[in-house]
Amino acid sequence: MTLQDQIKAAEQAMELWAVMLPGVSAPEKHAFLLWMGSFRMDAVTRGINRAAAKYAKMARTSTPMNADACARYATSVMRAESQQQVGAQ
């Protein structure tokens with residue numbers, strides 16, 4: 001993936017974050033660029049989607065997730081996805 005491709009993919013991931021986690025501050029742009037340089041787009045998408053689902057679930061509890069927790073959870077999902085893909089090869 002070229003740098004231009006990474007930038008475009010990072011912008012798409014930022015848009016996904018805004019749609020899936022409205023009202024939750026998105027990580028800085030460099031975090032999205034780091035994700036795109038480290039993980040496949042499907043892993044980033046899955047990480048953001050799973051973070052959004054967990055955020056919605058936790059919002060109804062006494063310990064809702066903040067923006068930092070959402071980003072950390074999304075990253076952990078991306079890592080797990082990448083490890084599974086490596087293990088399957």
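Residues numbered from 1 in each chain as written. Predicted model: local features only at pLDDT ≥ 70, side-chain atom pairs only at ≥ 80, totals over all residues. Heavy atoms only, no water.

1. Some words on the overall build of the protein chain
Part 1 of the argument: Counting secondary structure elements, the protein chain contains 4 helices and 0 strands.
Part 2 of the argument: When the elements of the protein chain are put in sequence order from the N terminus, they spell out α-α-α-α.
Part 3 of the argument: The C-alpha atoms of the protein chain give 13 Å as radius of gyration, which agrees with the globular expectation for 89 residues (12 Å, within 12%).
Part 4 of the argument: Seen through its C-alpha atoms, the protein chain measures out along the principal axes to roughly 40 × 30 × 15 Å.
Part 5 of the argument: Buried residues in the protein chain amount to 33% of all 89 residues.
Part 6 of the argument: Across the protein chain, the fraction of contacts at a sequence separation of at least 24, relative to all contacts at a separation of at least 6, is 63%.
Part 7 of the argument: Accessible surface, the protein chain as shown: approximately 5600 Å² in total, 54% of it carbon and sulfur.
Part 8 of the argument: Charge centroids of the protein chain, computed over 10 positive and 7 negative side chains, lie 10 Å from each other. (Helix = DSSP H or I, 4+ residues; strand = E, 2+ residues; numbered from the N terminus. Rg over C-alpha atoms; globule rule 2.2 N^0.38 Å. Buried < 20%, exposed > 50% of the residue type's maximum accessible area, 1.4 Å probe, protein only. Contact = heavy atoms within 4.5 Å. Areas by Shrake-Rupley, 256 points an atom, 1.4 Å probe, with all protein chains shown as cover. Lys, Arg positive; Asp, Glu negative; His and termini not counted. Charge placed at Lys NZ, Arg CZ, Asp CG, Glu CD.)

2. Observations regarding the packing of aromatic side chains
Part 1 of the argument: Counted by the stated rule, this structure contains 3 aromatic pairs.
Part 2 of the argument: Centre to centre, the rings of Trp17 and Trp35 are 6.4 Å apart; their planes meet at 35 degrees, and the pair counts as tilted. With Trp17 in helix α1 (residues 3–20) and Trp35 in helix α2 (residues 29–38), this residue pair connects regions lying 18 residues apart in the sequence. The residues Trp17 and Trp35 share a single accessibility class, namely buried.
Part 3 of the argument: Seen in terms of ring centroids, Phe32 and Trp35 are 5.1 Å apart; in terms of plane orientation they differ by 75 degrees. Their pairing is edge-to-face. Linking Phe32 with Trp35, this pair stays in helix α2, spanning 3 residues, or about one helical turn.
Part 4 of the argument: In textbook terms, an aromatic cluster arises when at least three aromatic residues are bridged by ring pairs, as seen for Trp17, Phe32 and Trp35. (Phe/Tyr/Trp six-rings, centres within 6.5 Å; stacked < 30°, edge-to-face > 60°.)

3. Points about the nonpolar core
Part 1 of the argument: Core analysis: the largest hydrophobic core is formed by 21 residues, its most contacted members being Trp17, Phe32, Trp35, Val44, Ile48 and Met78.
Part 2 of the argument: If you list the elements that add at least two residues to this core, you get α1, α2, α3 (41–58) and α4 (67–88).
Part 3 of the argument: Those residues in contact with Ile48, other than ones at most four positions away along the chain, are Ala13, Leu16, Trp17, Met20, Leu21, Phe32, Trp35, Ala74 and Met78. (Core = buried A, V, L, I, M, F, W, Y, C linked by side-chain atoms within 4.5 Å.)

4. Side note on the packing of α1 against α2
Part 1 of the argument: Running from N to C, α1 and α2 point in directions that differ by 115 degrees, and their axes come no closer than 9 Å. Of the two elements, α1 crosses α2, and the hand of that crossing is right-handed. Residue-level inspection shows Gln6, Ile7, Ala9, Ala10, Glu11, Ala13, Met14 and Trp17 of α1 in contact with α2, the latter providing Lys29, Phe32, Leu33, Trp35, Met36 and Gly37.
Part 2 of the argument: Looking at the contact of α1 with α2 residue by residue, the classes come out as 10 nonpolar, 2 polar and 2 charged. (Axes fitted to C-alpha atoms, helices over the stretch in contact; angles between N-to-C directions. Left-handed = near helix turned anticlockwise from the far one by under 90°. Nonpolar A, V, L, I, M, F, W, Y, C, P; charged D, E, K, R; others polar.)

5. Structural notes on the pattern of salt bridges
Part 1 of the argument: Scanning the entire structure with this criterion turns up 4 salt bridges.
Part 2 of the argument: One salt bridge in this structure joins Glu11 and Lys29, with 3.6 Å as the shortest N-O distance. Residue Glu11 is located in helix α1, and its partner Lys29 is located in helix α2; the two are separated by 18 residues in the primary sequence.
Part 3 of the argument: Its salt-bridge partner being Glu81, residue Arg46 comes within 2.7 Å of it at the nearest N-O pair. Here Arg46, found in helix α3, pairs with Glu81, found in helix α4; they are 35 residues apart in sequence, far enough to count as distant.
Part 4 of the argument: For Glu81, a relative accessible area of 12% translates into the label buried. (Salt bridge = Lys/Arg side-chain N within 4 Å of Asp/Glu carboxyl O.)

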